[in-house]
Amino acid sequence: MPPIDVVVSWPAGASGPIVDRDPITIPKGAGATVIRWSCGEGVSRLQITGLDPEVFSPASSGMVPNFSTTDANRVPGTYTYSVGATRTSGARTESDPRITNGG
């Protein structure tokens, strides 16, 4: 399966970052899949934490402009993770989107 691109934005007036794919869905039978997060509107850096290290490699990042992980997609289920974001103005917060694996 080709990589899945995910954009983290923080539009003016929003209370925190918004992930454009929530949940990120990996279809059954797709095999290992790369997920790539990048900064969108209003975000200068992002941080992904809380991914299950038995499923995702690497499982976290520091504050970076983009981050990629490989989802093994071996067992169906829904996984939680946290997205931290730094606004271009310097403010920072987190949100908790999902990843759904088809296995």
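The following paragraphs examine the structure supplied in this document. Since this is a predicted model, take the numbers as computed values, not measurements. (Residues numbered from 1 in each chain as written. Predicted model: local features only at pLDDT ≥ 70, side-chain atom pairs only at ≥ 80, totals over all residues. Heavy atoms only, no water.)

1. Here we look at the overall build of the protein chain
To be explicit about the condition: Strands here mean DSSP runs of E at least two residues long; helices mean DSSP runs of H or I at least four residues long; both are numbered from the N terminus. Computation of the radius of gyration draws on C-alpha atoms alone. For the globule rule, the value is 2.2 Å times the number of residues to the power 0.38. Contact criterion: two residues are considered in contact whenever any of their non-hydrogen atoms come within 4.5 Å of each other.
Secondary structure assignment for the protein chain yields zero helices and 11 strands. Overall, the protein chain shows an N-to-C arrangement of helices and strands of β-β-β-β-β-β-β-β-β-β-β. Whereas a compact globule of 103 residues would reach a radius of gyration of roughly 13 Å, the protein chain reaches 13 Å, a difference of no more than 12%. Each principal axis of the C-alpha distribution contributes one length, and for the protein chain these read about 40 × 20 × 20 Å. Sequence-distant contacts in the protein chain: of pairs separated by 6 or more residues, those separated by 24 or more amount to 58%.

2. Details of unusual backbone geometry
Glycine aside, the phi torsion of most residues is negative, and most peptide linkages are trans. Here Asp22 and Pro23 are connected by a cis peptide whose omega angle stands at 10°. Relative to the helices and strands, Pro23 resides in the loop between β2 (18-19) and β3 (24-26). The omega torsion of the bond from Ser57 to Pro58 falls at -5°, within 30 degrees of zero and hence cis. Its location among the elements puts Pro58 in the loop between β6 (56-57) and β7 (66-71).

3. Some thoughts on the sheet that holds strand β10 (residues 92-95)
Our working rule: What makes two strands pair is DSSP finding at least two bridges between them. Throughout, an axis means a line fitted to C-alpha atoms (over the contacting stretch in the case of helices), and angles, computed between N-to-C directions, take values from 0 to 180 degrees.
In spatial order, the strands read β5-β9-β10; together these three strands make up an open sheet with antiparallel pairing. Two strands close off the open sheet at either side, each with one partner strand: β5 (43-49) and β10. Direction aside, neighbouring strands of the sheet carry axes that sit 20° apart on average. Of the pairings in the sheet, the one linking strand β9 (residues 82-87) to β10 comprises four bridges and is antiparallel in character. When the bridges of β10 are listed, Val83 appears paired with Ser95.

4. A closer look at the side chain of Arg87
So the rule is basically this: Pairs of N or O atoms are called polar contacts if they sit within 3.5 Å, as long as, within protein, a hydrogen donor faces a hydrogen acceptor (for residues adjacent in sequence, only side-chain-to-side-chain pairs).
Secondary-structure assignment places Arg87 in strand β9. From its side chain, Arg87 meets the backbone oxygen of Trp10 in a polar contact 3.0 Å long. Beyond its immediate chain neighbours, meaning those up to four positions away, Arg87 contacts Trp10, Pro11, Ala12, Gly42, Val43 and Ser44.

5. Notes on the sheet that holds β6
As summarised here, the arrangement of the five strands in space is β2-β1-β4-β7-β6, forming an open sheet in which the pairing is mixed. Every other strand in the sheet has two partners, leaving β2 and β6 as the edge strands with one partner each. Pairing analysis gives six bridges linking strand β4 (residues 33-39) to β7, with the strands arranged antiparallel. Bridged to Ile35 within β7 is Thr69.

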